[in-house]
Structure formats: structure tokens, C-alpha cells
Amino acid sequence: MDLSFTKEEESFREEVRSWLDDNLPAEWRHRGVGGYREDDDEDLQRRWQRMLHEARWLKLGWPKEAGGRGATPVMQAIYQEEMARAGAPMILGRLGVTLLAPTLLGHGTQWQQDEYIDRILSGDLVFCQGFSEPDAGSDLAGLRTRAERKDGKWVLNGQKTWSSGAHYADKSFLLARTSTEGEAHKGIGFFLVDMHQPGVEVRRIRQMTGGGEFSEIFLSGAEVDDRDLVGQPGDGWKIAMAVFGFERGGLAQAARFERAVGT
Ligand SMILES: Cc1cc2nc3c(=O)[nH]c(=O)nc-3n(C[C@H](O)[C@H](O)[C@H](O)COP(=O)(O)OP(=O)(O)OC[C@H]3O[C@@H](n4cnc5c(N)ncnc54)[C@H](O)[C@@H]3O)c2cc1C
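These numbers come from a predicted model, not from an experiment.

Visitor: I tried to follow the pairing of strand β4 (residues 171-177) on my own but got confused; where do I start?
Guide: Across a regular strand the side chains alternate sides, sitting on one face of the sheet and then on the other. Burial runs high along β4: 7 of the 7 residues are buried. Burial along β4 is two-sided: K171, F173, L175 and R177 facing one way and S172, L174 and A176 facing the other are all buried. In this structure, strand β1 (residues 127-130) lies alongside β4, joined through 4 bridges in parallel fashion. Note on β4: the bridge partner recorded for G130 is L174. Here β4 runs beside strand β5 (residues 188-194); their pairing, made up of 7 bridges, is antiparallel. Pairing of L174 across the sheet is with F191, part of β5.

Next up, the structure:
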């Protein structure tokens, strides 16, 4: 079996490398190696994201019909290796770009796709992920944040934790309980929640390292319109599994971690 890269893959590597040589400023290099860098500059990460978006790198694995490059998993791994080699910064809206945008492509309404996908990719709209709760981590179906219908809207009350980047996010893709009847995982909705509203409070969690990449999110009467419910009110678990598919499928960090430990 021949495991070497094909000619097409080698020329793709050249394309990525030469684009990085031409576009990634020297003073931006060697940031974010090994994953998060807590002191990284948000503005720089936003600018870098916009450059990658404009050069169509952020839809690398997307189907061509959806404006993507239709890159194979090997090409996506090559792209990540070259990013790590160049010491490229992280992008600011990484959770929206890698998890939410492709999920909306599969599960969102036309309105949600038109309203959000381009703004997520360009960095104009930054999303955080509101899944984990103090008593619902590995046991995610045990989540207790409630979403109730009131006056034609969804009203959310509860608490989320470990939400990466929530302190600079504009919106959150968040799981909340829409029903307490029947099996726990069947009564969950998937909501797009505006973080800049009075019913949302974000408190950063200080880590032992001094950094604060995670936050707690307190929801007290936060409101969500119907158009920001993805799927049906009981579809949240199914859609969350799609999100995890993109998270697990992401070859994203392996090359950076390898680089960080010098293998
Ligand atoms: C870098 C990073 C970024 C993250 N970002 C986000 C984010 O943006 N949004 C978000 O919602 N969450 C985020 N998380 C949270 C992550 O998803 C949680 O760590 C996860 O939900 C696990 O919850 P927990 O920490 O409460 O651990 P627990 O669920 O309490 O688990 C603790 C330990 O017990 C073990 N365990 C649990 N249940 C069982 C069982 N039944 N049998 C045997 N062993 C068990 C687990 O394997 C684990 O070792 C992030 C985590 C990390 C590390």
C-alpha cells in the first residue's frame, strides 16, 4: 500500500504554504501553538479570521455546491499541518466556524443560514457554545436550564459553565430543556441566544494559570425568538450530536499539539 502523498496533495501543500508565506505577517507567527493562548490579542485573531475567510480557507471541507473547496480529509490535515508549521494564530470565532456554521448548513432554516453563516465565517458575529452545566457535563442529557414559551417567545433560565470565549461572544448556541416529560434527551431544544441582552450575565472563570478562557453564563429571563430555535423544540440532542461530529472530526488541533511538544 502506498501511503505517500499524491501529486495533487503535494501541490495543495505548496499552495497553502505559499499563501501563508505571502499573507501571514512575521510578527503574528508562533501564536496559539498547542491550542489556546490566553494572552492572545482578540483583534488580531479577528483580523486573521477575516483574511482566511476572504481567501476561502474557512470552507475548505465544505461541499462545492455550498461555496466550499470540497477538500478531502487528507487535504484538511495538510492545511492544519501548514498552519501549525507557520505558527499561525487561532481565529477568534473558532467555535462558530468549525461547529455551528456546518451544523446550520445541515439543520438550520434558510433564514438561519442566510442570517448567520457568512457573518460567522467573516468574524463579524462570534458565537460561544453553551452546553455544559455545573451538574451536566459528561451527563449532558441531565441539563436543567429551562426554555419556556411566554408571550410568543422562548424565555430561558439556568446556568451554563466552561463556555470558551463567552466573554467576547455576541451569541451562543445553547441547549435548554423544553420539556420535562419522557426521556431526558428528547426534551431539549437548540437555541441561538443573544449574549448582549439584560437576561444574560457572563462571569469569567479564573484558572490556576491566571488565564480566563472559560466563563459561566447565567440566564435569568433571557429571550429567544422562534426563528432562533434550530430544528423542532425536541431536536436539540440530535443537533448537538451533529455538533460533536464536527468537533470530533476536527483534525484541527493535532498538528498544533504535535508542534508544541516538538514531535
Ligand atoms: C478546553 C475545553 C473547552 C471547553 N469548552 C466548552 C464550551 O465552549 N462550552 C461547553 O459547553 N463546554 C465546554 N467544555 C466543557 C466540557 O465539555 C466538559 O469538560 C464536559 O462537559 C465534562 O463535564 P465536567 O467537566 O463537569 O466533568 P464530569 O462530567 O463531572 O466528569 C468528570 C470525570 O468523571 C468521569 N465520568 C463522568 N461520568 C462518568 C460515568 N458515568 N462513569 C464513569 N466515569 C464518569 C469523566 O470521564 C471525567 O473524567 C470545555 C472543556 C475543555 C477541556
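Visitor: Looking at this model, I keep getting lost on the domain arrangement of the protein. Mind explaining?
Guide: The accessible area lost on association of the parts is a frequent measure of interface size. Domain parsing of the protein yields domain 1 (7-93 + 250-260) and domain 2 (110-247). Placing the centre of domain 1 and that of domain 2 at their C-alpha centroids yields a distance of 27 Å. Taken together, the 13 residues of domain 1 in the interface contact 17 residues of domain 2. Together domain 1 and domain 2 conceal approximately 1,300 Å² of surface at their shared face, both sides included; 49% is due to carbon and sulfur atoms. Between domain 1 and domain 2 we count 1 salt bridge in total.

Parameters and conventions
Residues numbered from 1 in each chain as written. Predicted model: local features only at pLDDT ≥ 70, side-chain atom pairs only at ≥ 80, totals over all residues. Heavy atoms only, no water. Buried < 20%, exposed > 50% of the residue type's maximum accessible area, 1.4 Å probe, protein only. Helix = DSSP H or I, 4+ residues; strand = E, 2+ residues; numbered from the N terminus. Pairing = 2+ DSSP bridges. Domains from an automatic or database assignment. Contact = heavy atoms within 4.5 Å. Buried area = accessible area lost by both parts, 1.4 Å probe. Salt bridge = Lys/Arg side-chain N within 4 Å of Asp/Glu carboxyl O.

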